Amino acid sequence: DLLLTNERYEDTARFIATIPDQHINNELRILYIRAINNLNLPDSQEMIATLTSEITSDFQEALQRQERLPYKEMALFYYCIESVPTNAVTHAYNNWQAQKEISDTLLLYRSALAANDQEVINEVESWINRVGVEDARLQALTPSMAEDSR
């Protein structure tokens with residue numbers, strides 16, 4: 001994600017392409033889609049369609065097996081790939097209930113902002129202030145949090 005944040009799309013795609021297939025998971029597929037989508041390669045839409053199909057198939061299999069759903073990956077998929085922020089919020093929130101790492105909080109907060117879900121936005125901001133989380137990426141997302149940190 002650091003490479004993508006710094007707009008190093010080619011490096012991201014090249015790095016992921018070196019990983020053996022048996023070690024590729026949905027989070028890496030999503031990162032790869034984001035990278036190649038920004039590179040505008042001639043066959044990128046075909047690759048994106050194939051990867052998207054693999055991801056949705058994995059999600060469907062998890063649902064059918066009634067196992068713990070990969071909420072974070074589902075949220076990433078709906079936020080970054082499908083651009084359906086309301087679905088992203090639902091899955092990011094479920095993930096956030098189990099783990100509140102900075103990356104989980106960022107995903108939920110960004111999804112909530114994109115979906116204009118004020119209830120979730122308020123809950124995340126309240127949690128951040130209550131716990132005392134200090135992260136420049138979170139603080140940069142909202143002026144009120146940036147002001148509170150001064």
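Refer to the structure printed above.
Rules of the game
- Within each chain, residue numbers correspond to sequence positions counted from 1 in written order.
- Given that this is a predicted model, residues contribute local features only at a pLDDT of at least 70 and side-chain atom pairs are listed and counted only at 80 or more, while totals for whole chains, interfaces and linings are drawn from all residues.
- Based on all heavy atoms of the structure, the side-chain values leave hydrogens and waters out of the count.
- Secondary structure elements follow DSSP: runs of H or I no shorter than four residues count as helices, runs of E no shorter than two count as strands, and numbering proceeds from the N terminus.
- Put simply, the radius of gyration uses C-alpha atoms, and a globule should come to 2.2 Å times the residue count raised to 0.38.
- Only protein chains enter the area calculation, which uses a 1.4 Å probe; residues under 20% of their type maximum are buried, those over 50% are exposed, and those in between are partly exposed.
- Each accessible area is a Shrake-Rupley estimate made with a 1.4 Å probe; only the visible protein chains count as cover when residues are assessed.
- The charge count includes Lys and Arg as positive and Asp and Glu as negative, but it does not include His or the ends of the chains.
- Charged side chains are reduced to one point each, which is NZ for Lys, CZ for Arg, CG for Asp and CD for Glu.
- Multiplying 1.5 Å by the helix residue count minus one yields the expected span of that helix.
- For this quantity, the arc is that covered by the directions from the helix axis to the C-beta atoms.
- One speaks of a salt bridge when a side-chain nitrogen belonging to Lys or Arg is within 4 Å of a carboxyl oxygen belonging to Asp or Glu.
- Take the buried Ala, Val, Leu, Ile, Met, Phe, Trp, Tyr and Cys residues and link them wherever side-chain atoms come within 4.5 Å; each set so joined is a nonpolar core.
- Two residues form a contact once any of their heavy atoms are found within 4.5 Å.
- The axes are straight lines fitted to the C-alpha atoms, using for helices just the contacting stretch, and the angles between their N-to-C directions are given from 0 to 180°.
- Here the word oblique covers every angle except those under 35 degrees (roughly parallel), over 145 (roughly antiparallel) and from 65 to 115 (roughly perpendicular).
- Crossing handedness follows the turn of the near helix against the far one: under a right angle anticlockwise gives a left-handed crossing, and clockwise gives a right-handed one.
- Side-chain classes follow a simple rule in which Ala, Val, Leu, Ile, Met, Phe, Trp, Tyr, Cys and Pro form the nonpolar group, Asp, Glu, Lys and Arg form the charged group, and the remainder, Gly included, forms the polar group.

Draft legend 1. Structural detail: the overall build of the chain. Each helix and strand counted, the chain has 10 helices and zero strands in total. Taking 2.2 N^0.38 as the reference for a compact globule, 150 residues should give roughly 15 Å; the C-alpha atoms of the chain span a radius of gyration of 16 Å, in line with that estimate. Each principal axis of the C-alpha distribution contributes one length, and for the chain these read about 45 × 35 × 25 Å. Across the 150 residues that make up the chain, the buried fraction comes to 38%. Total accessible area on the chain is roughly 9,000 Å²; 45% of this is exposed by carbon and sulfur atoms. In the chain, the 12 positive side-chain charges and the 24 negative ones have mean positions that sit 4 Å from each other.

Draft legend 2. Here's a closer look at helix α8 (residues 118-131). Here α8 spans 20 Å end to end across 14 residues, near enough to the 20 Å set by a 1.5 Å rise per residue. For α8, every residue scored as buried is listed here: V120, I121, V124, E125, W127 and I128. The buried residues of α8 all sit within an arc of 160 degrees when viewed along its axis, so they share a single face. Exposed residues pointing more than 90 degrees away from the buried face of α8 are listed as E119 and R130. Looking one or two places after α8, you find G132, whose phi comes out positive at around 85 degrees.

Draft legend 3. Up close: the pattern of salt bridges. If you walk through the whole model with that rule in mind, you get eight salt bridges. In this structure, the salt-bridge partner of R8 is D11, at a minimum N-O distance of 2.8 Å. In this structure R8 comes out as partly exposed when scored by relative accessible area, which is 43%. With a shortest N-O distance of 3.3 Å, K72 and D104 are connected by a salt bridge. Highlighted residues: K72 in helix α5 (residues 71-81) and D104 in helix α7 (residues 102-115), separated in sequence by 32 residues. Of the two residues, K72 and D104, both sit in the buried class. One continuous salt-bridge network, built from bridges that share partners, spans R8, E10, D11 and R14.

Draft legend 4. The nonpolar core, seen in detail. Core analysis: the biggest nonpolar cluster contains 39 residues, and L108 and V124 have the highest contact counts within it. For this core, the secondary-structure elements that each account for two or more residues are α2 (9-17), α3 (26-39), α4 (44-65), α5, α6 (85-98), α7 and α8. Element by element, the count of residues in this core is highest for α3, at seven residues. With sequence-adjacent residues up to four places away left out, V124 is seen in contact with W96, T105, L108 and Y109.

Draft legend 5. Looking closely at the packing of α5 against α6. Here α5 crosses α6 at 160 degrees, and the two axes come no closer than 8 Å. Compared by their axis directions, α5 and α6 come out roughly antiparallel. Seen from above, α5 lies across α6 with left-handed handedness. For the pair formed by α5 and α6, the contact residues are Y71, K72, M74, A75, Y78 and Y79 on the first element and P85, N87, A88, H91, A92, N94 and N95 on the second. Residue classes in the contact of α5 with α6 are distributed as eight nonpolar, four polar and one charged.

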